[in-house]
Amino acid sequence: MNDAITQRYPLFSAAEFRRRALNQNGGPVDHAWRDHGDHILNPDIVAEVETFKLRDAAVLVPVVDDGEEAHVIFTKRTATLRKHSGQIAFPGGSIDPADISPEMAAIRETEEEIGLAGSFVETVGRLPNYLASTGFRITPVLGVISPGFALTLNPTEVDDVFEVPLSFLMDPANHTRDRRVIDGIDRHFYRVPYETRMIWGITAGIVRTLYERLYA
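Please read all numbers here as calculations on a predicted model, not as lab measurements.

Observations regarding the side chain of Thr75
Argument step 1. Take Thr75: it is sitting in strand 2 (residues 71–77).
Argument step 2. A residue is classified by how much of its surface remains accessible, and Thr75, at 1% relative accessible area, is buried.
Argument step 3. When residues no more than four places from it in sequence are discounted, the contact partners of Thr75 are Gln87, Ile88, Ala89, Phe90, Pro91, Ile114, Val158, Asp160 and Val161.

The following block contains the structure:
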């Protein structure tokens, strides 16, 4: 993508995000998941996770159309959830048998978790899958959110919701590489500190992939 030639909108607007989502770098998403984010940092772990029987899940990456400076919605999961409790996440969850696509699952789960009505969501693409060692194959669905929405949090799943400027997330200077020994395994991951919050793990890996696919 030659930005000097093809950029038509303010760089971090929802309109430019939409254009880039529809014209991604890095080849088809179905074959690119090994080549992005923290999957590159943990090839041995990824190879092991590939052998798992994975459950399919989807998350929505909700980019709010705020004019020239778009923002991205994140949630903080409640401490009582069995998986990824207390962590910052994108809204989403398991793909149910009734869901005809990851897009449908991501929108349904987002409405259940934070009350964002599907009528405000325009899906504009996907990122490569994220294979989580907790047993999920996660499809990140990219969405542009029209203004005027209202949110109602599901207290059994979400403690809080907040927005981060897209420009902040797409600045690689804000992506910190870190490592931690978990269950005796040396894991490498990204952290994206924002104000008093810490985005890390799966969510930061998806943010990094978003940067690599659309803005690097």
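There is more to say, and it comes next.
Things to note about the pattern of salt bridges
Argument step 1. This structure, assessed with the given rule, holds 14 salt bridges.
Argument step 2. Of the charged contacts in the structure, one is a salt bridge between Arg108 and Asp99, with a shortest N-O distance of 2.8 Å. Here Arg108 and Asp99 have matching classes, each one buried.
Argument step 3. Among the ionic pairs, Glu212 bridges to Arg208, the shortest N-O distance being 3.0 Å. Of the two residues, Glu212 and Arg208 both sit in helix 6 (residues 201–215), four residues apart, roughly one turn of that helix.

Reading the values: rules and limits
- Here the residue numbering is sequential within each chain, running from 1 through the sequence in written order.
- Local features are withheld for residues below a pLDDT of 70 in this predicted model, meaning they are given only at 70 or higher, and side-chain atom pairs are given and counted only at 80 or more; totals for whole chains, interfaces and linings count all residues.
- Processing note: side-chain calculations cover all non-hydrogen atoms of the structure and skip hydrogens and water entirely.
- Secondary structure elements follow DSSP: runs of H or I no shorter than four residues count as helices, runs of E no shorter than two count as strands, and numbering proceeds from the N terminus.
- Exposure is judged per residue with a 1.4 Å probe applied to protein chains only, and the accessible area is read against the type maximum: over 50% gives exposed, under 20% gives buried, and values in between give partly exposed.
- It only takes one pair of heavy atoms within 4.5 Å for two residues to be counted as in contact.
- Salt bridge, as used here: a side-chain nitrogen of Lys or Arg that lies within 4 Å of a carboxyl oxygen of Asp or Glu.

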